[in-house]
Amino acid sequence: MKKGIGLLSSAAALVMLAACGSSGGASGGDSDKTVVTFWHSMGGQAQVALDQIVSSYNESQDEVHVNAEFQGTYEESLPKFHSVGGTEEAPTIIQVQEIGTMSMINSGHIVPIQPFIDEEGYDMSGLEENIINYYHIDGQFYSMPFNSSTPVMYYNKDAFETAGLDPDSPPETFEGIEEASKKIVVANEGMKGFALQAYGWLFEELLANQGGHLLNNENGRDDVATEVAFDNDKGRSIFEWVERMIEEDTFMNYGTNSDNMVAGFLAGEVAMFMQSSATSRDVIDNAPFDVGVAFIPHAEEVEREGVVIGGASLWMSSGKEEAEQEAAWDFMKYLATPEVQAEWHVGTGYFAINPDAYNEQVVQEAYEDMPQLQTAVQQLQSTKKSVATQGALMDMIPEERKIIETALENVFNGTDAQTAFDEAVKQVNAAIEQANKARGDS
């Protein structure tokens with residue numbers, strides 16, 4: 001394999017990354033380059049940062065040209081890939097959300113990156129352990145981690161002070177959030193204490209933080225899951241926690257709308273909420289008050305386990321010429337370098353998949369200006385390695401998330417927590433059974 005086509009020195013990488021350039025197609029003098037088509041789902045500031053990285057890579061060498069093409073959300077791009085997988089229209093690389101992992105493996109239209117790793121002895125252990133744990137499946141890597149995040153808890157430090165709470169000691173448990181919320185509501189007129197988006201991903205994270213599994217058979221990693229593993233006190237505790245806050249009138253209901261929740265937080269409607277660490281820059285930059293960032297909570301009776309990695313990884317299409325696959329692998333390695341990951345982390349709020357990036361000057365300077373960015377990193381790096389925090393694997397997880405979303409929203413709107421929870425368990429089990437029948441596993 002060709003090695004180091006696009007790997008820059010630290011100084012050169014930082015200069016290149018600072019320059020804005022087009023990530024469009026190869027033309028003119030670039031006509032002899034190997035073209036890599038890269039489908040991605042990054043919008044907004046993340047797309048700006050990604051386009052700069054792609055331009056830097058294209059400028060850094062004269063053998064490969066990457067075309068970065070936005071394909072809509074993860075939910076939109078994955079069906080597009082499945083519709084063209086195995087044909088000439090398929091991209092060389094596609095960015096896929098973590099819960100699309102089994103869907104990609106089962107598609108038959110991807111090439112695992114493990115042979116590329118083995119051939120040159122690429123050291124995956126140099127990447128963040130609690131990120132690569134998710135993507136290490138059956139003893140190999142199918143895809144390269146890229147944009148990774150976890151949820152954190154954002155809170156209004158000014159509202160904490162008004163309520164007589166220590167703004168530097170946010171609550172760590174469900175019960176602690178309940179007590180803090182009561183004081184916040186009394187001291188801050190018109191403000192609620194806490195908001196939780198009705199979102200299956202957040203339920204999964206709160207479950208894992210208690211050491212709970214989403215699916216049986218070791219979260220679907222020992223064997224294909226046959227039923228849920230969260231029909232227990234750990235799963236119910238999340239629904240019951242929300243129900244208690246609703247009854248105490250300290251909970252703010254934004255349903256499934258994360259944008260409204262963030263806007264409500266910035267407007268002073270609610271003092272605490274959970275959301276992706278990748279939104280840190282936007283929240284902190286736009287708040288008219290001092291924002292705190294904390295670890296996500298857990299039930300008081302259990303110890304904190306940690307978080308499951310979210311975000312996406314990069315997959316290589318099968319059926320491409322060797323030179324195109326080699327070029328794709330080189331680009332993936334380039335994205336994982338400390339210099340590139342440092343710029344990506346600072347520019348977006350996503351984790352650096354390469355922990356050496358945190359030692360880069362651009363990161364250290366960002367932490368001086370915005371120390372809250374470190375909290376998500378500390379939460380991830382202090383996560384215990386376990387089946388719970390490794391995360392669940394099954395191709396029906398997107399459906400599970402929709403079911404949990406509906407169940408939580410029903411609780412928000414007055415349905416009894418136990419009733420909503422039992423119905424969610426029933427529906428997820430039915431979805432698992434249906435998925436297994438469709439694959440002929442049962």
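In the block above lies the structure referred to throughout.
Per chain, the residues get numbers from 1 upward, laid out in the order the sequence is written. The model is predicted, so local features are restricted to residues of pLDDT at least 70 and side-chain atom pairs to those at 80 or more, both for listing and for counting; the totals for chains, interfaces and linings are taken over all residues. Each side-chain value is derived from all of the structure's non-hydrogen atoms; neither hydrogens nor water enter the calculation.

A.B. asks: Would you take a moment to explain the overall build of the protein for this structure?
C.D. replies: Elements are defined by DSSP. Helices are runs of H or I of four residues or more, strands are runs of E of two residues or more, and each kind is numbered from the N terminus. Along its length, the protein carries 20 helices and 12 strands. Considered along the principal axes of its C-alpha atoms, the protein spans approximately 70 × 55 × 30 Å. Throughout this description, buried means an accessible area under 20% of the type-specific maximum (1.4 Å probe, protein chains only), exposed means over 50%, and partly exposed covers the range between. Considering the protein as a whole, with its 442 residues, one finds that 59% of them fall into the buried category. Within the protein, residue pairs in contact and separated by at least 24 positions form 78% of the contacts whose partners lie at least 6 positions apart. Accessible surface area values rest on a Shrake-Rupley calculation with a 1.4 Å probe, where residue burial reflects the displayed protein chains alone. A total accessible area of about 17,300 Å² is found for the protein, and carbon and sulfur atoms account for 44% of it. His is not counted here, nor are the chain ends, while Lys and Arg score as positive and Asp and Glu score as negative. Lysine's charge is taken at NZ, arginine's at CZ, aspartate's at CG and glutamate's at CD. Distance between charge centres in the protein, computed from 23 positive and 72 negative side chains, equals 3 Å. Contacts are assigned to residue pairs with any non-hydrogen atoms lying within 4.5 Å of each other.

A.B. asks: Please explain the nonpolar core as it appears in this structure.
C.D. replies: Soluble globular proteins tend to bury their nonpolar side chains together. Of all hydrophobic cores here, the largest spans 147 residues; its most connected members are F194, F230 and M272. F194 has contacts with M153, I177, S181, W241, M245, T250, F251, M252, V270, M272, F273 and M274, leaving out every residue within four places of it along the chain. Among buried residues, those of type Ala, Val, Leu, Ile, Met, Phe, Trp, Tyr and Cys that are joined through side-chain atoms within 4.5 Å constitute a nonpolar core.

A.B. asks: Hey, could you run me through the packing of helix α15 (residues 338–348) against helix α16 (residues 361–369) in this one?
C.D. replies: In a packed pair of helices, the relevant descriptors are the angle between the two axes and the axis-to-axis distance. For helices, the fitted axis covers only the stretch in contact; all axes are lines through C-alpha atoms, and the angles between them, taken along N-to-C directions, range from 0 to 180 degrees. Relative orientation of the contacting elements α15 and α16 amounts to 25°, with a least axis distance of 8 Å. Considering their axes alone, α15 and α16 lie roughly parallel with respect to each other. Our pair here, α15 against α16, has a crossing hand that is left-handed. For the pair α15 and α16, contact is made by A342, E343, H345 and V346 and by V362, V363, A366 and Y367, respectively. Just so you know how the angles are binned, under 35 degrees is roughly parallel, over 145 roughly antiparallel, 65 to 115 roughly perpendicular, and the rest oblique. Helix crossings are classified by the rotation of the near helix relative to the far one: an anticlockwise turn of less than a right angle makes the crossing left-handed, while a clockwise turn makes it right-handed.

A.B. asks: Whenever I open this one, helix α12 (residues 258–266) confuses me. Can you help?
C.D. replies: Residues separated by three or four positions in an α-helix point in the same direction, a consequence of the helix having 3.6 residues per turn. Within α12 the residues assigned to the buried category are M261, V262, G264 and F265. Buried residues of α12, seen end-on, are gathered within an arc of 160° and therefore sit on one face of the element. Buried-residue contacts for α12 involve β8 (151–156), β9 (192–195), β10 (270–276), α13 (280–286) and β11 (291–294). Nitrogen and oxygen atoms within 3.5 Å of one another constitute a polar contact, given that in protein one can donate a hydrogen and the other can accept it, and given that sequence-neighbouring residues count only through two side-chain atoms. Where α12 begins, the side chain of N257 points an oxygen toward the backbone nitrogen of D259, at a separation of 3.1 Å. Positive backbone phi, approximately 85°, marks G268, located one or two places after α12. Think of the arc as the fan of directions from the helix axis to the C-beta atoms.

A.B. asks: Please explain the sheet that holds β10 as it appears in this structure.
C.D. replies: Strands belonging to one sheet form pairs held by backbone hydrogen bonds; the direction of such a pair is parallel or antiparallel. Pairing between strands is defined by DSSP: at least two bridges between them are needed. Taken in spatial order, the four strands line up as β9-β10-β8-β11 in an open sheet, and their pairing is mixed. On the outer flanks of this sheet lie β9 and β11, each paired with one strand and no other. Each neighbouring strand pair of the sheet contributes to a mean axis angle of 20°, computed without reference to strand direction. Alignment of β8 against β10, held across five bridges, turns out to be antiparallel. Its bridge partner lying in β10, P151 is registered against S276. α12 rests against β8, β9, β10 and β11 of the sheet, and its axis sits at about 140° to β10.

A.B. asks: Explain the packing of helix α9 (residues 200–208) against helix α19 (residues 397–412) to me, please; I cannot follow it from the model alone.
C.D. replies: The contact between α9 and α19 brings their axes to 7 Å, and the two run at 95°. Between α9 and α19, the interaxial angle falls into the category roughly perpendicular. Between α9 and α19, the residues in contact are G200, W201, F203 and E204 and I397, E400, R401, I404 and E405, respectively. Classification used: nonpolar for Ala, Val, Leu, Ile, Met, Phe, Trp, Tyr, Cys and Pro, charged for Asp, Glu, Lys and Arg, polar for all others including Gly. Across the contact of α9 with α19, the residue classes break down as four nonpolar, one polar and four charged.

A.B. asks: How should helix α20 (residues 417–439) be read in this particular structure?
C.D. replies: Here α20 spans 33 Å end to end across 23 residues, near enough to the 33 Å set by a 1.5 Å rise per residue. Here α20 has its buried residues at A417, A420, F421, A424, V425, V428, A431, I432, A435 and N436. On its buried face, α20 sits against α11 (233–247) and α19. With a side-chain oxygen lying 3.2 Å from the backbone nitrogen of Q418, the N-terminal cap of α20 falls on D416. One or two positions beyond α20, positive phi appears at G440, with a value near 80°. Each residue after the first adds 1.5 Å to the expected span of a helix.

A.B. asks: What's the story with empty space enclosed by the protein in this structure? I'm lost.
C.D. replies: Any empty space left between the atoms is revealed when a probe the size of a water molecule rolls over them. Here a cavity denotes a set of grid points, spaced 1 Å apart and computed over the protein atoms alone, in which a 1.4 Å probe fits but from which it cannot get out, and a pocket denotes an open set meeting protein on both sides within 12 Å along at least five of seven lines; residues with an atom within 4 Å of a point are reported as lining. Grid points are joined across faces, edges and corners, and a volume is the space filled by probe spheres set on the points. Tallying each qualifying case throughout the model produces one cavity of 30 Å³ or more. As a volume, the largest cavity reaches approximately 160 Å³. Lining the largest cavity are 19 residues, and of these E204, L214, V308, G391 and A392 lie nearest its centre. Those elements giving two or more residues to the lining of the largest cavity turn out to be α9 and α19. Counting residues per element, the lining of the largest cavity draws most heavily on α9, which supplies five residues.

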